[in-house]
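# Working through the structure, step by step
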Amino acid sequence: MFRALGLLIFSITAAAQPSIECSTVRLDAPGKPLYELPTFDQGNLPLCEVHATALAIDSARFYDNGNRTSRPVTSPIALAARTAARAGFAKLQGPTIETYLKNISIVGVCDHDEMTKQLLSSPALDSCSELQEFADSLGQKRAPKSSTNTSCGFMSQGMKEADPVKILSALTGTGPTAREVQRKFDEMCARNFYQPQMSKPVMNHHFNKPFKPGSAEERDRYRSLGVSIDAALDAAKPVPPIIRYCSRFLRNSKYPAGIDPETAGITNCTLTDADGGGHGRHASVIVGRKPSVDGNGCMYLIRNSYGTTCNDYDKKWECDKTRGGLPCPAGQTCGGQVWVDKASLIQNLQDVIYVNAK
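Read on for an overview of the structure. (Residues numbered from 1 in each chain as written. Predicted model: local features only at pLDDT ≥ 70, side-chain atom pairs only at ≥ 80, totals over all residues. Heavy atoms only, no water.)

## Considerations on the pattern of salt bridges
Rule in force here: In the sections that follow, a salt bridge refers to a side-chain nitrogen of Lys or Arg positioned within 4 Å of a carboxyl oxygen of Asp or Glu. Runs of E in the DSSP output that reach at least two residues are strands. Runs of H or I that reach at least four are helices, and both are numbered from the N terminus. Each residue gets one of three labels from its accessible area relative to the maximum for its type: buried under 20%, exposed over 50%, partly exposed in between, using a 1.4 Å probe on protein chains only.
Across all of its chains, the model carries 15 salt bridges by this definition. Note that aspartate 320 is salt-bridged to arginine 26, the shortest N-O span being 3.2 Å. A residue pair is termed long-range when its members are at least 10 positions apart, and aspartate 320 in strand β7 (residues 318-320) and arginine 26 in strand β1 (residues 25-26) qualify at 294 residues. Taken as a pair, aspartate 320 and arginine 26 share a single burial class, namely buried. Linking aspartate 58 and arginine 61 is a salt bridge whose minimum nitrogen-to-oxygen distance equals 2.4 Å. Taken together, the positions of aspartate 58 and arginine 61, both in helix α1 (residues 48-61) and 3 residues apart, correspond to about one turn of that helix. Taken as a pair, aspartate 58 and arginine 61 share a single burial class, namely buried. Overlapping salt bridges bring together Glu49, Glu98, Arg244 and Asp351 as one network.

## Description of the environment of glutamate 36
Threshold: Polar contact criterion, stated in full: a pair of N or O atoms within 3.5 Å, where within protein one must be able to donate a hydrogen and the other to accept it, and residues adjacent in sequence count only if both atoms are side-chain atoms.
Position of glutamate 36 relative to the elements: it lies in the loop between β1 and α1. Given the relative accessible area of 45%, glutamate 36 is considered partly exposed. In this structure the C-alpha to C-alpha distance between glutamate 36 and glycine 324, which are 288 residues apart in sequence, comes to 9.9 Å. Here arginine 323 takes part through its side chain, which lies 3.4 Å from a polar atom of the side chain of glutamate 36.

## Some words on the pairing of strand β5 (residues 281-291)
Worth spelling out the cut-off: Should DSSP find at least two bridges between two strands, the strands are regarded as paired.
Of all 11 residues that make up β5, 9 are buried, and the element is covered over most of its length. Note that strand β4 (residues 242-246) and β5 share 5 bridges and pair antiparallel. In the sheet register, isoleucine 242 faces β5, and the bridge partner there is valine 285. In this sheet, strand β6 (residues 298-303) lies alongside β5 in antiparallel orientation, the contact comprising 6 bridges.

## Some details on the environment of methionine 115
As a reminder, the rule being used: The contact criterion used throughout is that any non-hydrogen atoms of two residues lie within 4.5 Å.
Among the structural elements, methionine 115 can be located in helix α4 (residues 112-120). For the pair methionine 115 and threonine 74, spaced 41 residues apart in the sequence, the C-alpha separation amounts to 9.6 Å. Excluding residues that lie within four positions of it along the chain, methionine 115 makes contacts with Ser75, Ala78, Cys110, Phe185, Met188 and Cys189.

## Regarding the packing of aromatic side chains
Rule in force here: Between the rings of Phe, Tyr and Trp (Trp by its six-membered ring), a pair exists once the centres lie within 6.5 Å; its type follows the angle of the planes, with under 30 degrees stacked, over 60 edge-to-face, and the other angles tilted. Throughout this description, the term charge over a ring refers to an Arg CZ or Lys NZ atom that lies within 6 Å of the ring centre and within 35 degrees of the ring normal.
The full count for this structure, using the stated rule, is 3 aromatic pairs. Aromatic pair phenylalanine 62 and tyrosine 63: ring centres 5.2 Å apart, planes at 85°, arrangement edge-to-face. For tyrosine 63, a relative accessible area of 18% puts it in the buried group. Aromatic rings pair up to connect Tyr245, Phe249 and Trp317 into one cluster. Stacked on the ring of tryptophan 339, the Lys or Arg lysine 290 has its end atom at 4.5 Å from the ring centre. Taking NZ or CZ as reference, arginine 323 lies 4.0 Å from the ring centre of tyrosine 35, over its face.

## Focus on the environment of phenylalanine 40
When you line up the elements, phenylalanine 40 lands in the loop between β1 and α1. Residues phenylalanine 40 and glycine 139, spaced 99 residues apart in sequence, show a C-alpha to C-alpha distance of 9.2 Å. With sequence-adjacent residues up to four places away left out, phenylalanine 40 is seen in contact with His51, Ala54, Leu55, Thr74, Pro76, His112, Asn304, Ser305, Tyr306 and Gly307.

Next comes the structure, spelled out in C-alpha cells:
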C-alpha cells in the first residue's frame, strides 16, 4: 500500500512574513520532483487547471520513493474525463483545481503514456484538422491523409478552443456526453491505475479580497502571495505552487495588471488579437526561483501547459530552454518554461495552491 499523501491548499495570512533572501530553487533539477515529469501541451483544449493539478499531484507523490518511473505519470485528460461527470459537470473544463484535488483519491491516477497510446490509436484522428491538432498536443505530429481534411466543428462557438467532450467522444467512439466519456476512460484506465489515499484538503481563498491601489491591503496582498509561493518552494519536501492568474502579461508585458482591485478577481484579464490571442484566465505551476539580474528582487520560473516553445511570450521574459538548469540533452526538446519578475506575476495573480507531501 502506498503511503498516504496530505493535500494542503495553502493560503498565508496577513501575519506571515516575507522571504528575506531570494535563493535559487529548481524543482525541475536532477533529483527533484519535476525533473522526469513532462511539459504538457493542452493544445486547443481549455484544460489548464487539470494540467497544472496533474503536475502538482505527481510532485507530491515523488516523495514516496523518489522514483517516478516506477509509477504512472498522471494523465490530465483522464483526470478531467473521470472527474467531471462524477462531480456533476457536463463539460470537462467545469471542475476547478479544488474539485480535482477533492476527487483524486476516488478517481485515482491513470498513466499518461498509456492514455496517449490508446487515444492516438483512434482511426478518427485522420478525419479532421481539430483532432490532428489534439494529436499534435500529445507530441505526435501527424500528416493529413487527405487534402480535404477540414474542421469537424469541435470548436466552442466564438472561441479558439475545442470542446473536450466532443473531441474525446470522437476519439473513443462513445456517446456525446461527459458521463459516457468518463465511463470509457474508466475502462481505458483499468490496466494501469494507481489510487492514492489523500486527506481532505483545506481551502481558504484569503487573497480573493478587494483592495485599494497603493493601500496597506495591496502591500499585504503582494507580500502574502509571495510568501505562499516561497513556502511551497522552500518546504522540507518542496513542491510546485499552482498559480491561477491572468496570462496576458506573458504575451504583452506592457499590460501587466490583470487583477481587478475592486474584486481581486481576474476580471481585467481579456486577450485581444494584438496580444496574440489564446487564453487569458489561466493556471500553471511555478517550478523555480532565482534572484533578478540586478539582485534587487526575485524571478519565478513558470512551467506553462502550452508545449515546449516560448514563441508566444513577450521578449522581455527569459525563456528557459535547459533541463533543470543544465544543458538540454542531445535529441531532446527542452523549453516551455519562462522566467518572470515577481512584481509582474503578482499583479496578475489571483491565488496560490499547492499539494503538500507528507
